[in-house]
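Inside the fold
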Amino acid sequence: MIGLGLLPLVVYLLVRDPLTLDDHMTDKLNNDVLKLERSYYAFLMDEQDRKCPICGHEVKSRYRFCPACGNELRTVCPACGELMEPNWKSCPHCGHKIDQVEGKGELV
Ligand SMILES: [Zn+2]
Ligand SMILES: [Zn+2]
């Protein structure tokens, strides 16, 4: 009898729990995305030495190409000739809009 009395509560918990879990998962995912974005922007702003994503050779942030493997680390603005990240959509130096033909460097 007591068990039957608890049944609605159990059903409620069973129905409710997945939703709660989903909320937690969503929050966690959002946090992860935020963290990823933060580290990504920190990476963009980073003026310290960093590593070539292809070969791991240490490269200066102002380098356009990796000196070890020739991998293109930066592109050059066609309007003003300043160095840019390959995935930037507009030049921070002159505001020139870049047409993204290829999805190179895109974060998915
Ligand atoms: Zn390299
Ligand atoms: Zn420019």
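One structure accompanies this document, and this report is about it. Since the model is a prediction, treat every value here as computed from it, not as a measurement. (Residues numbered from 1 in each chain as written. Chains lettered and ligands numbered in written order. Predicted model: local features only at pLDDT ≥ 70, side-chain atom pairs only at ≥ 80, totals over all residues. Heavy atoms only, no water.)

Considering the coordination of the zinc ion (ligand 1)
All of the protein donors around the zinc ion (ligand 1) are Cys52 (SG), Cys55 (SG), Cys66 (SG) and Cys69 (SG); their distances to the metal are 2.3 Å. Mapped onto the sequence, the residues coordinating the zinc ion (ligand 1) show the spacing C-x2-C-x10-C-x2-C. In this structure cysteine 52 comes out as buried when scored by relative accessible area, which is 3%. (Donors = N, O, S within 2.8 Å, 3.2 Å for Na, K, Ca; no water. Buried < 20%, exposed > 50% of the residue type's maximum accessible area, 1.4 Å probe, protein only.)

Describing the coordination of the zinc ion (ligand 2)
The protein atoms that coordinate the zinc ion (ligand 2) are Cys77 (SG), Cys80 (SG), Cys91 (SG) and Cys94 (SG), at distances spanning 2.2 to 2.3 Å. Classification of the site at the zinc ion (ligand 2) rests on its four donor atoms, whose angles at the metal span 105 to 115°, yielding the label tetrahedral. Positions of the donor residues of the zinc ion (ligand 2), expressed as sequence spacing, correspond to C-x2-C-x10-C-x2-C. (Tetrahedral: all angles 85-135°; square planar, octahedral: opposite > 155°, others 65-115°.)

Some remarks on the pattern of salt bridges
Summed over all chains, the structure comprises four salt bridges. Across the pair glutamate 85 and arginine 74 runs a salt bridge whose closest N-O atoms are separated by 3.4 Å. A residue pair is termed long-range when its members are at least 10 positions apart, and glutamate 85 in the segment after β4 (83-84) and arginine 74 in the loop between β2 (58-59) and β3 (75-76) qualify at 11 residues. Neither residue differs from the other here; glutamate 85 and arginine 74 are each classed as buried. Connected through shared salt-bridge partners, Arg50, Arg74 and Glu85 make up one network. (Salt bridge = Lys/Arg side-chain N within 4 Å of Asp/Glu carboxyl O. Helix = DSSP H or I, 4+ residues; strand = E, 2+ residues; numbered from the N terminus.)

Function cannot be read off these values alone, since they describe shape.
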